[in-house]
Amino acid sequence: MYDESRIRQQECGVTIWFTGLSGAGKTTICEFVEKELRIQGYKVEVLDGDVVRQNLCKGLGFSKEDRVENIRRIGFVAQLLTRNNVIVLVSAISPYREIREEVRQSIRFFIEVYVNASLEVCEQRDVKGLYKKARSGKIKHFTGIDDPYEIPLCPEVECKTNQESVAQSGNKVLEKLEKLGYIVARMNNL
């Protein structure tokens, strides 16, 4: 029998998967966590859904099959990095539970973070103007409008971005990493 927490301390690789609607705050919280981990000296890589789609997944559309393939590819890269002792921060809508669970099963150390903001809040933020385009019919198959988002059933962390500051949400993630033994406790928790 092996001691899982001891393995975690020796191999600090873990994937933290931020999922939620467009505009929920995934990338913002991810950037906060990345900055804190880099300050502490950890090896960190960020796989942002938009950036990966432009590079690794170019040519995929927004059908359910293409979205699943997009998440599968992101998961594969995350798994490779994680097993090589990298803390991987994935920020991707990943609307379907089944593919999120498939990715979870393929990565030994995995934390799901549900970045929870209502559709109304996300539409108010609409930083990229995507909801407006989806509502006017210019974008089809937009998650939350005419394509579903399946809420995680048992995420390890839930960040309620309409009630919490970025620091509060980010610190929830960091505290979970500490509690699970992926990182050492910070001297001055913010």
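Look up: the structure comes first, before these words.
Caption draft 1: Focus on the overall build of the protein. Summing up its helical and strand segments, the protein has 8 helices and 5 strands in all. Secondary structure elements of the protein, listed N to C terminal, follow the sequence α-β-α-β-α-α-β-α-β-α-α-β-α. Relative to the globule expectation of 16 Å for 190 residues, the C-alpha radius of gyration of the protein, 16 Å, shows essentially globular dimensions. Taken along the three principal axes of its C-alpha coordinates, the protein extends 55 × 30 × 30 Å. A sequence separation of at least 24 residues applies to 75% of the contacts in the protein between residues at least 6 apart.

Caption draft 2: Local environment of the nonpolar core. In this structure, Ile16, Phe18, Leu37, Val173 and Leu177 are the most contacted members of the largest nonpolar core, which totals 33 residues. Counting residues per element, the ones that place at least two in this core are strand 1 (14-19), helix 2 (26-39), strand 3 (87-91), strand 4 (110-116), helix 6 (119-125), helix 7 (130-135), strand 5 (157-160) and helix 8 (166-179). Element by element, the count of residues in this core is highest for helix 2, at 5 residues. When near neighbours in sequence (up to four residues on either side) are disregarded, leucine 177 contacts Val14, Ile16, Leu37, Ile111, Tyr182 and Ile183. Trp17, Ile71, Val86 and Tyr96 belong to the second-largest nonpolar core, a separate cluster that totals 16 residues.

Caption draft 3: Layout of the environment of asparagine 171. Checked against the element boundaries, asparagine 171 lands in helix 8. In sequence terms asparagine 171 and isoleucine 29 are 142 residues apart; their C-alpha atoms lie 9.2 Å from each other.

Caption draft 4: A look at the side chain of arginine 67. Structurally, the position occupied by arginine 67 is in helix 4 (residues 64-83). In this structure, arginine 67 is in contact with Arg53, Phe62, Pro95, Tyr96, His141, Phe142, Thr143 and Asp147, ignoring residues within four places of it in sequence.

Caption draft 5: Structural view of the pattern of salt bridges. Tallying each qualifying case throughout the model produces 11 salt bridges. We note a salt bridge from glutamate 164 to lysine 172, for which the minimum N-O separation is 2.5 Å. Classification of glutamate 164 by relative accessible area gives buried; the value is 18%. Residue classification places lysine 172 among the partly exposed residues on the basis of a relative accessible area of 31%. Each member of the salt-bridge network shares a partner with another, and the members are Arg100, Glu101, Arg104, Glu112 and Glu156.

Caption draft 6: Geometry of helix 2. End to end, helix 2 covers 20 Å across 14 residues, agreeing with the expected 20 Å (1.5 Å per residue, within 8%). Along helix 2, the residues classified as buried are Lys26, Ile29, Cys30, Phe32, Val33, Glu34, Glu36 and Leu37. Tucked inside the fold, the buried residues of helix 2 contact strand 1, strand 2 (44-48), strand 3, strand 4, strand 5 and helix 8. Directly after helix 2, the chain includes glycine 41, whose backbone phi takes a positive value near 90 degrees.

Caption draft 7: Molecular detail of the environment of glutamate 178. Of note, glutamate 178 is situated in helix 8. For the pair glutamate 178 and arginine 104, spaced 74 residues apart in the sequence, the C-alpha separation amounts to 20 Å.

What counts, and where the lines are drawn
- Residues numbered from 1 in each chain as written.
- Predicted model: local features only at pLDDT ≥ 70, side-chain atom pairs only at ≥ 80, totals over all residues.
- Heavy atoms only, no water.
- Helix = DSSP H or I, 4+ residues; strand = E, 2+ residues; numbered from the N terminus.
- Rg over C-alpha atoms; globule rule 2.2 N^0.38 Å.
- Contact = heavy atoms within 4.5 Å.
- Core = buried A, V, L, I, M, F, W, Y, C linked by side-chain atoms within 4.5 Å.
- Buried < 20%, exposed > 50% of the residue type's maximum accessible area, 1.4 Å probe, protein only.
- Salt bridge = Lys/Arg side-chain N within 4 Å of Asp/Glu carboxyl O.
- Expected span 1.5 Å × (residues − 1).

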